Amino acid sequence: DIIKPKARQIQELNATNAGTLILFPNPADERITIDHDDYNEEKVSIFIFSVDGKLMQEIQHVQLPYSADIHGLLQGVYLVRMQSATHLLSGKLVKR
């Protein structure tokens, strides 16, 4: 059996979609896995922003689940946004 680490789930609605962005582990040190509970195998873009709105990382046209390298981020809180043709979801990431 595969056991997933405890995930922090953040829910957000937009004009047409609801879903859950899954970020684990959270808090994280070196890498974070980004997933979506209603994923349909379309390519997504992932954006990581600092709390003051500065774009820290942009990852284009990947499939989920995606393991992102965050070792270069300073300790703190970040906003992770996942965008596809049909979904726009955000969640909070804590970097240790």
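Residues numbered from 1 in each chain as written. Predicted model: local features only at pLDDT ≥ 70, side-chain atom pairs only at ≥ 80, totals over all residues. Heavy atoms only, no water.

### Regarding the overall build of the protein chain
When its secondary structure is counted, the protein chain shows zero helices and eight strands. Ordered by position from N to C terminus, the α and β elements of the protein chain give β-β-β-β-β-β-β-β. Counting all 96 residues of the protein chain, 40% fall into the buried class. If you take every contact in the protein chain between residues at least 6 apart in sequence, the share linking residues at least 24 apart comes to 48%. (Helix = DSSP H or I, 4+ residues; strand = E, 2+ residues; numbered from the N terminus. Buried < 20%, exposed > 50% of the residue type's maximum accessible area, 1.4 Å probe, protein only. Contact = heavy atoms within 4.5 Å.)

### Concerning the pairing of strand E7 (residues 76–83)
Judged from the six bridges that link them, strand E4 (residues 44–50) and E7 form a sheet pairing that is antiparallel. Within the sheet, the bridge partner assigned to Ser50 lies in E7 and is Tyr78. Relative to strand E8 (residues 88–95), E7 is paired through eight bridges, and the arrangement is antiparallel. Of the residues in E8, the one forming a bridge with Arg81 is Ser90. Where E7 folds back onto E8 in an antiparallel hairpin, the turn is made up of four residues. (Pairing = 2+ DSSP bridges.)

### Thoughts on the nonpolar core
Grouped together as the largest cluster of nonpolar side chains are 19 residues, with contacts concentrated most on Ile32, Ile34, Ile46 and Val80. When residues of this core are traced back to their parent elements, those giving at least two are strand E2 (18–24), strand E3 (31–36), E4, strand E5 (55–62), E7 and E8. The residues contacting Val80, other than those within four sequence positions of it, are Leu21, Leu23, Ile34, Ile46, Phe47, Ile48, Leu89, Ser90, Gly91 and Leu93. (Core = buried A, V, L, I, M, F, W, Y, C linked by side-chain atoms within 4.5 Å.)

### A look at the confidence of the model for the protein chain
Across the protein chain, pLDDT averages 84, with 81% of residues at or above 70. This model gives residues 1–16 a pLDDT under 50, and the stretch forms 33 contacts once residues within four places in sequence are excluded. (pLDDT = per-residue confidence, 0-100.)

### A few points about the environment of Met56
Relative to the assigned elements, Met56 resides in strand E5. For the pair formed by Met56 and Val80, sequence separation is 24 residues and the distance between their alpha carbons is 10.0 Å. Discounting residues that sit within four places of it in the chain, Met56 has contacts with Ile48, Phe49, Ser50, Leu73 and Tyr78.

### Remarks on the pattern of salt bridges
Tallying each qualifying case throughout the model produces one salt bridge. In this structure, the salt-bridge partner of Asp29 is Arg96, at a minimum N-O distance of 3.2 Å. With a gap of 67 residues between them, Asp29 in the loop between E2 and E3 and Arg96 in the segment after E8 connect regions that are remote in the sequence. (Salt bridge = Lys/Arg side-chain N within 4 Å of Asp/Glu carboxyl O.)

### Notes on the environment of Ser45
Mapped onto the secondary structure, Ser45 falls in strand E4. For the pair formed by Ser45 and His61, sequence separation is 16 residues and the distance between their alpha carbons is 5.3 Å. Other than its neighbours up to four places away in sequence, Ser45 contacts Ile59, Gln60, His61, Arg81, Met82 and Gln83. Within the local environment of Ser45, its side chain forms a polar contact with the side chain of Gln60, the two groups lying 2.8 Å apart. (Polar contact = N/O pair within 3.5 Å; in protein donor to acceptor, adjacent residues only side chain to side chain.)

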